[in-house]
Amino acid sequence: MTARLNRARGGHSWHRQFWWAFAALAACASGVSHAQSSVTLYGVIDAGVEYVTNIGPQKSSSVHMPSLTASLPSLWGLRGNEDLGGGLNAVFVLESGFAPAQGSLNQGGRLFGRQAYVGLSGQWGKVILGRQYSQIFWATLMGDTLAPNIYAAADLDPYLTQPRVDNAITYTFTSSG
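Residues numbered from 1 in each chain as written. Predicted model: local features only at pLDDT ≥ 70, side-chain atom pairs only at ≥ 80, totals over all residues. Heavy atoms only, no water.

1. Topic: the pattern of salt bridges
Where side chains of opposite charge bring their charged atoms close, a pairing between them can arise. Scanning the model with the defined rule gives three salt bridges in all. Here E95 and R114 are joined by a salt bridge, their closest N and O atoms 2.9 Å apart. Taken together, the residues span a long stretch of sequence, with E95 in strand 5 (residues 88-99) and R114 in the loop between strand 6 (104-105) and strand 7 (115-122) at a distance of 19 residues. As far as burial versus exposure is concerned, E95 and R114 are alike and both buried. Taking the shortest distance from any N to any O, the salt bridge between D166 and R131 comes out at 2.7 Å. (Salt bridge = Lys/Arg side-chain N within 4 Å of Asp/Glu carboxyl O. Helix = DSSP H or I, 4+ residues; strand = E, 2+ residues; numbered from the N terminus. Buried < 20%, exposed > 50% of the residue type's maximum accessible area, 1.4 Å probe, protein only.)

Here it is, written out as structure tokens:
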């Protein structure tokens, strides 16, 4: 009879209040157990303007915007990392190259032609799958004092014309000692 009177007056039983309190507590606690993740937007725009005067017998001038300035290529990308727990992380990279002077994509017109991969990393190392730099690129880069630019050894060697590989699976690890 008391429960019926409480409902008639708009009151709630202790059972119903308990479930409301439990639901509110569960909603607050879910933020604590949320995995840590990060997504980074990064990029470089390598552009310049060249103004040359006194050209030829007419002493004319010219303005140019070189597409490659011999430093770093223009690029933008997204890099992400998601903590899966237990020391395991999911990683991804989507990286695009572009030519600011022409407004076009590099790497044959691919949107993410520089790198596009997903993978898992942990204390045991990292496994990544997708379009990524080749192992010969990484080996050459370490000994090349001019890299990365248009005068680098990797650009002069005809065997290294394509430093990226599609559908690659790579396992890397760090060892000490």
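2. Quick word on the pairing of strand 7
Only one face of strand 7 is buried, namely the one carrying Q115, Y117, G119 and S121, since none of A116, V118, L120 and G122 on the opposite face is buried. Pairing between strand 5 and strand 7: seven bridges, direction antiparallel. When the bridges of strand 7 are listed, E95 appears paired with Q115. Both strand 7 and strand 8 (residues 125-133) contribute to a ladder of seven bridges, which runs antiparallel. For A116, the partnering residue across the bridge sits in strand 8 and is R131. Linking strand 7 to strand 8, which pair antiparallel, is a turn of two residues. (Pairing = 2+ DSSP bridges.)

3. Brief notes about the nonpolar core
Formed by Y42, L75, V91, V93, Y117 and I128, the largest nonpolar core amounts to six residues. Filtering out sequence-adjacent residues up to four positions away, L75 remains in contact with Y42, G43, V44, E95, S96, G97, F98 and R114. (Core = buried A, V, L, I, M, F, W, Y, C linked by side-chain atoms within 4.5 Å. Contact = heavy atoms within 4.5 Å.)

4. Structural notes on the pairing of strand 8
Taken together, the seven bridges between strand 8 and strand 9 (residues 164-172) define a ladder with antiparallel strand orientation. The residue of strand 9 that forms the bridge with L129 is I169.

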